[in-house]
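Take a look at the letters that make up each chain.
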Amino acid sequence: IAAFPADRALWRWQSRRIASARTGTDGRWILKDLPPGDYLIAALTDLDPDDLLDPSVLDTLAPSAVKVSLADGEQKTQDMRIGG
């Protein structure tokens, strides 16, 4: 799972707003410590975390990502599917 800001201006190297997580054996995943804001969440079958540093990779993920807004201190659950 990859999360990155909906605002392309925030796609910066070492941003706290860009994160990834692997799903557990039960299919669940957790992203921790994301600041409040609007995010795009993408489910991927293969991800090199370094790819999330490349804005062109994020551009290819954005159209199929799910938009999620996160408020300060808020926790959310989001179901994701790979494929279509």
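So, here's what we can say about the structure. (Residues numbered from 1 in each chain as written. Predicted model: local features only at pLDDT ≥ 70, side-chain atom pairs only at ≥ 80, totals over all residues. Heavy atoms only, no water.)

Another aspect to go through is the overall build of the chain. Secondary structure summary: the chain contains 1 helix and 4 strands in total. From first element to last, N terminus to C terminus, the chain shows the α and β order β-β-β-α-β. Relative to the compact-globule value of 12 Å for 84 residues, the chain shows a C-alpha radius of gyration of 12 Å, a close match. Taken over the C-alpha atoms alone, the chain extends approximately 35 × 30 × 20 Å along its principal axes. Relative to its 84 residues, the chain shows a buried fraction of 31%. Looking at the chain alone, contacts between residues at least 24 apart form 60% of all its contacts between residues at least 6 apart. A total of about 6,000 Å² of accessible surface is found on the chain, and carbon and sulfur atoms cover 45% of it. Computed over 10 positive and 13 negative side-chain charges, the separation of the two mean positions in the chain equals 5 Å. (Helix = DSSP H or I, 4+ residues; strand = E, 2+ residues; numbered from the N terminus. Rg over C-alpha atoms; globule rule 2.2 N^0.38 Å. Buried < 20%, exposed > 50% of the residue type's maximum accessible area, 1.4 Å probe, protein only. Contact = heavy atoms within 4.5 Å. Areas by Shrake-Rupley, 256 points an atom, 1.4 Å probe, with all protein chains shown as cover. Lys, Arg positive; Asp, Glu negative; His and termini not counted. Charge placed at Lys NZ, Arg CZ, Asp CG, Glu CD.)

Let us now look at the nonpolar core. With 12 residues, the main nonpolar core is built from A2, F4, W11, I18, L40, A42, L47, L52, L58, L61, A62 and A65. Of all the elements in the fold, those that place two or more residues in this core are strand 1 (2-5), strand 3 (37-42) and helix 1 (55-61). Dropping the residues within four chain positions of it, L40 is found in contact with A2, A3, F4, P5, A6, A62, A65, V66 and K67. With 11 residues, the next largest nonpolar core counts I1, A19, L31 and I41 among its residues. (Core = buried A, V, L, I, M, F, W, Y, C linked by side-chain atoms within 4.5 Å.)

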